[in-house]
Amino acid sequence: MTKTYQLVGIGNAVVDVISQCDDSFLDHMGIGKGIMQLIERDRAEVLYASMKDRVQTPGGSVANTIAGAGALGLSAAFIGRVHDDALGRFYAAAMQDDGVDFVNAPVPGGELPSSRSMIFVSPDGERSMNTYLGISSELSSDDVPPAVAGQAQIMFLEGYLFDKDKGKTAFLEAARDCRAGGGKPGIAISDPFCVERHRADFLRLIETELEYVIGNEDEIKSLFETDDLEDALAKTAAICPLVVCTRSGDGVTVVGAGERFDVPVTKVVPVDATGAGDQFAAGFLFGLATGRDLEVCARIGNACAAEVISHIGPRPQADMRSVLRSAGLLDG
């Protein structure tokens, strides 16, 4: 019998390699601060060699979310593509160790290497990501078992995979399988530059196939090419049942079910902002999967984001169920 998952993610399976640095190092190496840049294999090797005191962890935006939700107790699975090399085997084993079913076996043969992202964290907590996508960007419908997608209560798709037509097709088919099984598919917008490359496809998918969308202020505004967040929120809410917009230190706005919630956060200086949005999504989707109202979902998301920015790395280190209980957001 096919297992029913509360949450299934589809995204890039990327090993994150994290190192601290100062702004002068970023300038010297030609690294754009605070953004994600796609790089080629040769550049990846140069940057990797320049890193000191590396912290290696399985990553990828949606994979981080799925791992965070799994740590909160959801039955979770991740669909991604890795090569049968050292990094790929590390990634698959680490996801399983985190309590997440890694659906796809590492791919043998003459495929591209497993993906990796060199993340440089500056003193202000900003992260500058340099990602070599490798094999993960080749994900296609063949990697998405229809039975897994069709049994998902909630599905979370990663916008970065829109860079190839095969990824778009996989998303479309997975979303339809999920909805046919009574589930709720949604997407992480991922990056404003990603929106610019695929705006028409994003909007079409959101309007016709998805039940929710999660993005930050810049990403939501980019959907409709406007600098007015309120206008962007209204237009997005007009085509999607649930819109979740994170606004960094200004809190979170949730629009859904005919209601709007503006949920504040306590402003802190992050040790490392890596994974803040990913872990917010983990908390929010945990709340959604367990039947909590939208405002409480946002508060759980904020608590998860606050924990992850308090240390180096994109995944929680604390027992998040205990953290939520202490905050009055989880019983038992």
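The paragraphs below set out a description of the structure included in this document. (Residues numbered from 1 in each chain as written. Predicted model: local features only at pLDDT ≥ 70, side-chain atom pairs only at ≥ 80, totals over all residues. Heavy atoms only, no water.)

Further remarks concern helix H9 (residues 229-239). The set of residues buried in H9 consists of Leu229, Ala232, Leu233, Thr236 and Ile239. Take H9 and look down its axis: the buried residues cluster within an arc of 135 degrees, on one side only. On its buried face, H9 is in contact with helix H7 (192-209), strand E11 (212-216), helix H8 (217-223), strand E12 (242-246), strand E13 (252-256) and strand E14 (259-263). Of the residues flanking the start of H9, the one acting as N-cap is Asp228, its side-chain oxygen 3.0 Å from the backbone nitrogen of Glu230. (Buried < 20%, exposed > 50% of the residue type's maximum accessible area, 1.4 Å probe, protein only. Helix = DSSP H or I, 4+ residues; strand = E, 2+ residues; numbered from the N terminus. Arc of directions from axis to C-beta. Contact = heavy atoms within 4.5 Å. Polar contact = N/O pair within 3.5 Å; in protein donor to acceptor, adjacent residues only side chain to side chain.)

Below, the discussion takes up the packing of aromatic side chains. Counting across every chain of the model gives seven aromatic pairs. Taken together, the ring pairs connect Phe78, Tyr91 and Phe102 into an aromatic cluster. Directly above the aromatic system of Tyr48 lies the positively charged group of Arg54, at a separation of 4.0 Å from the ring centroid. (Phe/Tyr/Trp six-rings, centres within 6.5 Å; stacked < 30°, edge-to-face > 60°. Lys NZ or Arg CZ within 6 Å of the ring centre and 35° of its normal.)

Core analysis: the biggest nonpolar cluster contains 61 residues, and Phe78, Tyr91, Phe120, Phe156, Val254 and Phe284 have the highest contact counts within it. With residues near it in sequence (within four places) discarded, Phe120 still touches Ser19, Cys21, Phe25, Leu26, Ile31, Leu47, Ser50, Met51, Glu126, Arg127, Ser128 and Asn130. (Core = buried A, V, L, I, M, F, W, Y, C linked by side-chain atoms within 4.5 Å.)

Running from amino to carboxyl end, helix H6 (residues 165-180) crosses H7 at an angle of 10 degrees, the nearest separation of the two axes being 11 Å. Between H6 and H7, the interaxial angle falls into the category roughly parallel. Seen from H6, the contacting residues are Lys168, Leu172, Ala175, Arg176 and Arg179; seen from H7, they are His198, Asp201, Leu205, Thr208 and Glu209. Its residues assigned to classes, the contact of H6 with H7 shows three nonpolar, two polar and five charged. (Axes fitted to C-alpha atoms, helices over the stretch in contact; angles between N-to-C directions. Parallel < 35°, antiparallel > 145°, perpendicular 65-115°, else oblique. Nonpolar A, V, L, I, M, F, W, Y, C, P; charged D, E, K, R; others polar.)

Fair warning: the whole summary comes from geometry, so function is off the table for now.
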